[in-house]
Amino acid sequence: MREFTARFASAEEISHWDSLVTANPNGGNLLQSEAFAAVKAHYGWTPRHLVYETADYTSYNLVLEKSFPVLGKLWYLIKGPDVASVADVPGIVAANKDFVRRARLGVFAIKIEPDIVLTDAAREVMSGAGLVKTHNLQPNDSTALLDISPEENYLLRALHSRGRNAVRRAIREGVEVHTVEPTEENFRAMYALMTTTVEAKSQVRVRDYEYYRQFWTNFITRGQGRLLFVYENGVPSVGAFVINYGRKGTYKDGGSLQKRGQYGDSHLVQWTAIGQVRDLGCTEYDFCGTPASDQLKDTSNPFHGLGLFKTSFSKTVTDFVGCYDQVLSPLKYRAWIGAGERIARQLYTRRTGQQFY
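Values in this document were obtained by computation on a predicted structure and should not be read as measured data. (Residues numbered from 1 in each chain as written. Predicted model: local features only at pLDDT ≥ 70, side-chain atom pairs only at ≥ 80, totals over all residues. Heavy atoms only, no water.)

J.: Just to check I follow, could you spell out the overall build of the protein for this structure?
T.: Helix and strand counts for the protein come out as twelve helices and 15 strands. At 21 Å, the protein has a C-alpha radius of gyration in line with the 21 Å of a compact globule built from 357 residues. Along the longest, intermediate and shortest principal axes, the C-alpha atoms of the protein span 65 × 45 × 45 Å. By the burial criterion, 53% of the 357 residues in the protein qualify as buried. Residue pairs in contact within the protein that sit at least 24 positions apart in sequence constitute 72% of those at least 6 positions apart. For the protein, the distance from the average site of its 42 positive side-chain charges to the average site of its 38 negative ones is 6 Å. (Helix = DSSP H or I, 4+ residues; strand = E, 2+ residues; numbered from the N terminus. Rg over C-alpha atoms; globule rule 2.2 N^0.38 Å. Buried < 20%, exposed > 50% of the residue type's maximum accessible area, 1.4 Å probe, protein only. Contact = heavy atoms within 4.5 Å. Lys, Arg positive; Asp, Glu negative; His and termini not counted. Charge placed at Lys NZ, Arg CZ, Asp CG, Glu CD.)

J.: Explanation requested: the sheet that holds strand E8 (residues 145–147) in the structure shown.
T.: Within a sheet, adjacent strands bond to each other through the backbone by hydrogen bonds, running parallel or antiparallel. Reading across the sheet, the six strands line up as E8-E13-E12-E11-E10-E9 and stay open at both edges, with mixed pairing between neighbours. Among the strands making up the open sheet, the edge pair consists of E8 and strand E9 (178–180). Ignoring strand direction, the axes of neighbouring strands in this sheet form an average angle of 30 degrees. Here three bridges tie E9 to strand E10 (residues 225–232), and the two strands are oriented antiparallel to one another. Opposite Thr179, over in E10, you have Leu228 as the bridge partner. Packing against the sheet, helix H9 (residues 209–221) makes contact with E10, strand E11 (235–245) and strand E12 (248–256), and its axis sits at approximately 55 degrees to E11. Against the sheet, helix H10 (residues 265–279) touches E8, E9, E10, E11, E12 and strand E13 (284–286), its axis set at about 30 degrees to E11. (Pairing = 2+ DSSP bridges. Axes fitted to C-alpha atoms, helices over the stretch in contact; angles between N-to-C directions.)

J.: Looking at this structure, I do not really get the sheet that holds strand E6 (residues 132–133). What am I missing?
T.: Strand order in the open sheet formed by seven strands is E1-E2-E3-E4-E5-E15-E6, and the pairing between neighbours is mixed. The open sheet has two edge strands, strand E1 (5–8) and E6, and neither has a second partner. Strand direction decides the pairing type here: strand E5 (residues 107–112) and strand E15 (residues 324–327), joined by four bridges, are antiparallel. Bridged to Ile110 within E15 is Gln326. Sheet strands touched by helix H12 (residues 330–352): strand E3 (58–68), strand E4 (72–77), E5, E6 and E15. Its angle to E5, the strand with the most contacts, is close to 70 degrees.

J.: Teacher, can you tell me more about empty space enclosed by the protein here?
T.: Remark: the empty space left among the atoms is shown by a probe the size of a water molecule rolled over them. Overall, the coordinates contain one cavity of 30 Å³ or more when judged by the stated rule. Approximately 50 Å³ is the volume attributed to the largest cavity. Along the walls of the largest cavity sit Asn26, Gly28, Asn29, Gln32, Lys79, Pro81, Asp82, Asp115 and Lys248, which together make up its complete lining. Per-class residue counts for the lining of the largest cavity are one nonpolar, four polar and four charged. (1 Å grid on protein atoms, 1.4 Å probe; cavity = no way out; pocket = protein on both sides within 12 Å on 5 of 7 lines; lining within 4 Å. Points joined across faces, edges and corners; volume = space filled by probe spheres on them. Nonpolar A, V, L, I, M, F, W, Y, C, P; charged D, E, K, R; others polar.)

J.: Where do I start with the nonpolar core in this structure?
T.: Inside soluble globular proteins, nonpolar side chains tend to come together where they are buried. Counting 47 residues, the largest nonpolar core has Phe36, Phe215, Trp216 and Trp336 as the members making the most contacts within it. At seven residues, the largest contribution of residues to this core is made by H9. Each residue touching Trp336, except ones within four places of it in the same chain, is listed here: Phe68, Leu71, Leu74, Phe108, Glu341, Ala344, Phe356 and Tyr357. Residues Tyr52, Val63, Ile110 and Tyr324 belong to the second largest nonpolar core, which totals 27 residues. (Core = buried A, V, L, I, M, F, W, Y, C linked by side-chain atoms within 4.5 Å.)

J.: Where do I start with the layout of surface pockets in this structure?
T.: Reported here for the second largest pocket is a volume of approximately 250 Å³. As for the second largest pocket, its lining consists of 14 residues, of which Ser67, Phe68, Pro69, Ala344 and Phe356 are closest to the centre. When residues in the lining of the second largest pocket are grouped by element, the largest group, seven residues, is from H12. Residues that form the lining of the second largest pocket fall into these classes: nine nonpolar, three polar and two charged.

J.: What exactly am I supposed to notice about the state of the cysteines here?
T.: Working definition of a disulfide: a covalent bond connecting the sulfur atoms of two cysteines. Taken as a whole and assessed by the stated rule, the structure comprises zero disulfides. With no disulfide of its own, Cys282 lies closest to Cys288 among cysteine sulfurs, the gap being 14 Å. By relative accessible area, which is 2% here, Cys282 ends up buried. We classify Cys288 as buried; its relative accessible area is 11%. (Disulfide = S-S within 2.5 Å.)

Here's what the structure looks like:
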């Protein structure tokens, strides 16, 4: 087991945060970015910049912190830690415990959710490190991933036949995809498409408009995001917000009108986005959320329809280990899971109208 030490990042490191995160062993994650930290700072979280060091590498990770009366602080190591392999997780757990104790940080539990592929062996390492499995928080703990490093024609031929045929037909029939400016009008149109699609097909609550406006703006102004539309009868009919962060492209948000006349329009939006982020140096494209691999055919799953669309590009679903809790104060943690978390989430949502995590 590698031994790690943990510390907070220096001001100099924070000023170059994205370049450090994207140099992590797994290339970082957009939810560890400077842009995302700035969003969460407006929604009840305090960003902390955590650095893990071992003999072979250094890993930079965003921690979101909330404080609660009596209990102390909860840390959410969102989409982290970014480690070279699951074998390094026990070393990270030990470093967390030592850092919190040594620096007297008052943290009673840490949520972690590393992008480690789920296997029986990975599950054993996580539980063997004393971590407690809890409910997953991010939509892409199961997701469709696509290697976009091959040359364009080869990549198109390598797609699932459903996706490939839809892209080719859309091109043949003259469907046009536009990269649009980040205006209030376009953001409003994108949000309307999202709420129509997500709430109609998955019954999942969409965050409020202001959250997305800030999210999209933060990534676009850093050159890490783009908004794409297809128009029909002069109005946006398909929309997608796509992020390039390091070597990873991500289909973060999307939506469409339910009745459309242009076949393959949503597929061509994705194909266009893939080409754009590929030109920016991305080698992997994350379609950002599907049902788990063993639930793809379950029509009662709220993400069934979205899963069918996304796996028309990538033929398989990748399941990650998901979210675990590192318990630092057993007594306080029991109070948290017994009633504390439920009460905190209810109070926060009632007061702000926002989602807690």
